[in-house]
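Residue-level structure breakdown
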Amino acid sequence: MIELLAPAGNLSILKAAVDCGADAVYCGLGAFNARINANNFTLEEFTEGASYCHLRGSRIYLTLNTLVGDSEIDMSLDTARSAYEAGCDGILVQDVGLAKLIHSTYPEIPLHCSTQMNIYSDDFKALSDLGITRVVLPRELSLQEITRRTQQAGRFGIETEVFCHGAVCVCYSGLCLFSAMNRSGSRSGNRGQCAQPCREEYELFDNGQLIRKGHLLSPKDRDVTSYIDGLINSGVSSLKIEGRMRDVNYVMSAVTSYRKLIDAYYEGTLNSDTISDVRDSLMVNFNRGGAYTSQFLSGRKENGFLSGEYPGKFGLKVGRIISSDSKKGTVTFSFSKTKLIPEKGDYLSIRKNSREICSFPVGKVHEMPGKLAVKGLHPDAMAKLDDQMDVFLMGHKTVVDKESIRKTPVTISMDVRSDRIILDALVDSGINQNAFAECEIDLPADFDGRPLSSNRIREQLTKLGNTPFTATAVYFTGDPEVKCPVSLINELRRDLTDSLEYEITSSYQRVLMAEQAPIEERHSGESVSTVLNMNTYPCVKDDLSVITSGADIYAFSIYDLGIKAVRQEIIRIMNELNRDMCMILPDLCHDKTYDMALTIAKEIKEKLGDRFKYYMDSRIHGTDKALSSLGLTHMLSSGANIYNTNTLKYAASNAGALYLSNELSEFEISDLVGRASPECPVILHSEGLIPWMQSDFCPVGGNEIRCGRCFSGNRYTMKSSNMDDEVVIIPRAYECSSAIYGRAKNPVSSEMAESLADSGHSLIINRTII
């Protein structure tokens, strides 16, 4: 059965998620996770949470999913060790260098690739060697791409995980620098401190003329209820709910809803009515803009990706006002029985033309055919109402009845002998299947009361109350009647559950022994170094005259090279300049884009020969076999997120040149270059804009089919009151995607580049020209 994975921002939410049916939870511990502003857990709370999960047949995962610097990596390793010894079932990581260190030091720890690691390709063999047991796939993949990657991962014993519900990033995960570069640059999304600039208002300009304004980058929340059967059939191992910053009711509602869908699928009762009911419950729980997005699961770009201009929680429209009576204190509105019925304590919002007029907590509710009358609105507010206003349900408390609370199923067996009772419990199924506990007690020799029947004993043994267990069956051997007081049976039952709890919790307690990692030496700089200059052209199709002499390497986007006339002219210019060329792939490359790139690479190779020397992408785990077979050297883009020495060393083994993270300070850049090998040149950004966002969504065309704006030749820019400088938007015609470019926080000065080169380091100095 597929795993349902829930977020837990604190211990009480963890317990609520498990009670509602979550098969696993994920949470943060300390500073190194992508939700630093969540409450997160202390080690004591994590240990308690792990015990709570395991006793109820659920797993617990730690999020260690940020980039870490060299000064932080030992502390991150200690966090991983402490969590695993406390019972953690897997650790989500973003930083490749940290993953490498954890696996080499504590190979027992199962590692999961966070979606922040941006694993979009088929590098599963390398991931397996790194100790990865699960990959969280990017949200931008289609169902077909998910299925293909799940099959590929399975060949190496790696599971896949997919986000099913919650907020989404408009940018590819792990590649957004908007928050890190804007203004002070102190709020890095890759460091768990995203300021969510995508939720702000912007103005969009076409050649300096304002053409649109509003929430141009704010997507709706994700919902895959219509794809639940397809995702389960794809072989995905886990469906993940986003929301470690959400409150307990949000998590309870989402877990309960997806639990209902998953169970219905396996029971063969999943239908459109079930999906519709679940979606209504989710809509009340939280949505942006009055609908959800499935993003690109269908494989098609669809309109309606953005949340629109209504800020915050939107709610579920449940009717329209019919009348109001200030004397009775009632508001009457039309209502369909297919919608959730508001209950006392729920909130209603009354709006006109998408503007809220008032909101109030529901008091009494009176249901009539086709309509509801509710109390709770102040009489003064009723004067503002008219019969054209819409009513939205803004919240509905999720309640789980006792019979539905998740517990571990056990079979209890009782052996009654002449002088004692032996009682044992065996876990029937789940992650603790076959866990076993046994206890016994002597029968009183002087008992002269009425013997207990087997039915009475069975009744007492199944009273497991607040324990994490539920009895599925009770078996007897020996005497059908037992001469003892009922208190002795109760005492034996308590001893048995305590013993079984101990057996389960102790099975997850471990003591790790560190394996000695090799000492990394700083490079002496004695080898012969080289310094090359590279010009990068993210979009040159509208003005090829910007390609001028003076560089050693010229890098062009696959989206420009995909246009035949542009490609032919670039080939002509490169032959004329007699310099080396690089083909740039997007940092999340869909299958059809890769197929196009491979075809075009073969053509360019035939015409440029050895001058077509490089390809660039973010695949830090290995080179592309097909492109490498053409004699192309692999360059790693800044999307590889090389942020520390461990990542640098790992990347150098898989690439011929590598770009350091654009989030590093000058000191950090200098230090990492000093640790690099001359055999693998380091690419340093010196001039021009850098990618702040790369997205499957285009804010210029809004995913409108064949909008044509990417062929207009116009310059699209965007700015807001919260930005120091405008950014440039580059629409990508081939797949209606885009990239947003902005200023670099720490471009390398010519003096710094010269100093590093003089120290014997191999460098490629990059200029970006837009």
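Being a predicted model, the structure only gives us computed values, none of them experimental.

So, unusual backbone geometry
Despite not being glycine, Asn207 shows a phi value in the positive range, around 50°. If you trace the backbone, Asn207 turns up in the loop between strand 8 (202-206) and strand 9 (209-214). A relative accessible area of 48% places Asn207 in the partly exposed class. Not every positive phi belongs to a glycine, and Cys736 is a case in point at roughly 50°. In this fold, Cys736 is placed in the loop between strand 32 (727-732) and strand 33 (737-742).

Quick look at the pattern of salt bridges
Between side chains of opposite charge, pairing is possible as soon as their charged atoms come close. As enumerated under the stated definition, the model contains 38 salt bridges in all. With a shortest N-O distance of 2.8 Å, Arg191 and Glu72 are connected by a salt bridge. Taken as a pair, Arg191 in the loop between helix 7 (178-181) and strand 8 and Glu72 in the loop between strand 3 (59-64) and helix 3 (73-85) lie far apart in primary sequence, 119 residues in all. We classify Arg191 as partly exposed; its relative accessible area is 22%. The residue Lys613 makes a salt bridge to Asp580 at a minimum N-O spacing of 3.8 Å. Residue Lys613 is found in strand 26 (residues 612-617), and its partner Asp580 is found in strand 25 (residues 580-584); the two are separated by 33 residues along the sequence. Residue class for Lys613 comes out partly exposed when judged on its relative accessible area of 34%. When salt bridges with common partners are traced through the structure, they connect Glu3, Arg134, Glu159, Glu161 and Lys240 into a single cluster.

Digging into helix 19 (residues 666-675)
Every buried residue of helix 19 is accounted for by Ile669, Asp671, Leu672, Val673 and Gly674. Tucked into the core, helix 19 has its buried residues touching helix 18 (645-652), strand 29 (682-687), helix 20 (750-758) and strand 34 (763-768).

Some thoughts on helix 6 (residues 143-154)
Taking 1.5 Å of rise per residue, the 12 residues of helix 6 would be expected to cover 16 Å, and the 16 Å separating its terminal C-alpha atoms lies within 8% of that figure. For helix 6, the secondary structure elements touched by its buried residues are helix 5 (124-129), strand 7 (159-166), helix 8 (228-233) and helix 16 (591-608).

A word on the environment of Gly28
Positionally, Gly28 belongs in strand 2 (residues 24-28). The exposure class of Gly28 is buried, given its relative accessible area of 0%. Counting along the chain gives 18 residues from Gly28 to Phe46, while the straight-line C-alpha distance between them is 8.8 Å.

Focus on the pairing of strand 18 (residues 390-393)
Burial of strand 18 is two-sided: the residues Asp390 and Phe392 facing one way and the residues Val391 and Leu393 facing the other way are all buried. As paired strands, strand 12 (residues 316-325) and strand 18 are joined by four bridges and run antiparallel to one another. If you follow Lys317 over to strand 18, its bridge partner there is Phe392. Pairing of strand 14 (residues 347-352) with strand 18, which is carried by four bridges, proceeds in the antiparallel orientation. Following the sheet pairing, Ser349 is matched in strand 18 by Phe392.

Considering the packing of aromatic side chains
The description of two aromatic rings rests on the distance between their centres and on the angle between their planes. Within the structure shown, the criterion is met by 10 aromatic pairs. Aromatic ring contacts, followed pair by pair, group Phe178, Tyr202 and Trp692 into a single cluster. Cation over ring: Arg510 sits above Tyr84, and NZ or CZ is 3.9 Å from the ring centre. The side chain of Lys592 reaches across the aromatic face of Tyr734, ending 5.1 Å from its centre.

Notes on the sheet that holds strand 9
Reading across the sheet, the six strands line up as 9-8-31-32-33-30 and stay open at both edges, with antiparallel pairing between neighbours. With partners counted over all chains shown, the strands left at the sheet margins are strand 9 and strand 30 (690-695), one partner each. Looking at each pair of strands side by side, their axes are set apart by 25° on average, direction ignored. Bridge count for strand 31 (residues 716-719) against strand 32 is three bridges, and the pairing is antiparallel. Looking across to strand 32, one finds that Thr717 is bridged to Val728.

A short note on the packing of helix 2 (residues 43-55) against helix 13 (residues 486-506)
Running from N to C, helix 2 and helix 13 cross one another at 115°; their axes reach a closest spacing of 9 Å. When the axis of helix 2 is compared with that of helix 13, the two are roughly perpendicular. Crossing of helix 2 against helix 13: the hand is right-handed. Counted together, Ser51, His54 and Leu55 of helix 2 and Glu501, Ile504 and Thr505 of helix 13 form the full contact between these two elements. Classifying every residue of the contact of helix 2 with helix 13 by side-chain character gives two nonpolar, three polar and one charged.

Some thoughts on the pairing of strand 12
Sheet analysis places strand 12 next to strand 13 (residues 330-334), joined by four bridges and oriented antiparallel. Bridging across to strand 13, Asp325 finds its partner in Thr330. Hairpin geometry of strand 12 and strand 13 is characterised by an intervening segment of four residues between the two adjacent antiparallel strands and by a positive phi of about 75° at Gly329.

Overview of the packing of helix 12 (residues 454-461) against helix 13
Two elements in contact, helix 12 and helix 13, have axes whose closest approach is 9 Å; the angle formed by their N-to-C orientations is 40°. As summarised for this structure, helix 12 and helix 13 are arranged oblique, according to the angle between their axes. Along this stretch, helix 12 crosses helix 13, giving a crossing that reads as right-handed. For the pair helix 12 and helix 13, contact is made by Arg456, Ile457, Gln460 and Leu461 and by Val486, Ile489, Asn490 and Arg493, respectively. Of the residues assigned to the contact of helix 12 with helix 13, the class counts are four nonpolar, two polar and two charged.

Rules of the game
In every chain, residue numbers begin from 1 and rise along the written sequence. Reporting in this predicted model follows two pLDDT cut-offs: at least 70 for local features of residues, and 80 or more for side-chain atom pairs to be given and counted; totals over whole chains, interfaces and linings ignore these cut-offs and use all residues. For the side-chain quantities, the full set of heavy atoms in the structure was used; hydrogens and water were omitted. A run of DSSP states H or I qualifies as a helix once it reaches four residues; a run of E qualifies as a strand once it reaches two. Both are numbered from the N-terminal end. Burial here depends on accessible area, computed with a 1.4 Å probe over protein chains only, as a share of the maximum for the residue type. Under 20% is buried, over 50% is exposed, and the range in between is partly exposed. Here, a salt bridge means any Lys or Arg side-chain nitrogen found within 4 Å of an Asp or Glu carboxyl oxygen. Contact definition: two residues touch when any of their heavy atoms are within 4.5 Å. A helix is expected to span 1.5 Å for every residue after the first. Two strands make a pair as long as DSSP finds a minimum of two bridges between them. Pairing of aromatic side chains requires ring centres within 6.5 Å, counting the rings of Phe and Tyr and the six-membered ring of Trp. Pairs whose planes differ by under 30 degrees are stacked, by over 60 edge-to-face, and all others tilted. In this scheme, the term charge over a ring applies when either NZ of a lysine or CZ of an arginine sits within 6 Å of the ring centre and within 35 degrees of the ring normal. Axis angles are defined between N-to-C directions and span 0 to 180 degrees, where every axis is a line fitted to C-alpha atoms and, for a helix, only to the segment in contact. These descriptions rest on fixed angle ranges, namely under 35 degrees for roughly parallel, over 145 for roughly antiparallel, 65 to 115 for roughly perpendicular, and the rest for oblique. We call a crossing left-handed when the near helix sits turned anticlockwise from the far one by less than a right angle, and right-handed when that turn is clockwise. By the convention adopted, Pro, Cys, Tyr, Trp, Phe, Met, Ile, Leu, Val and Ala count as nonpolar, Lys, Arg, Asp and Glu as charged, and the other residues, Gly among them, as polar.

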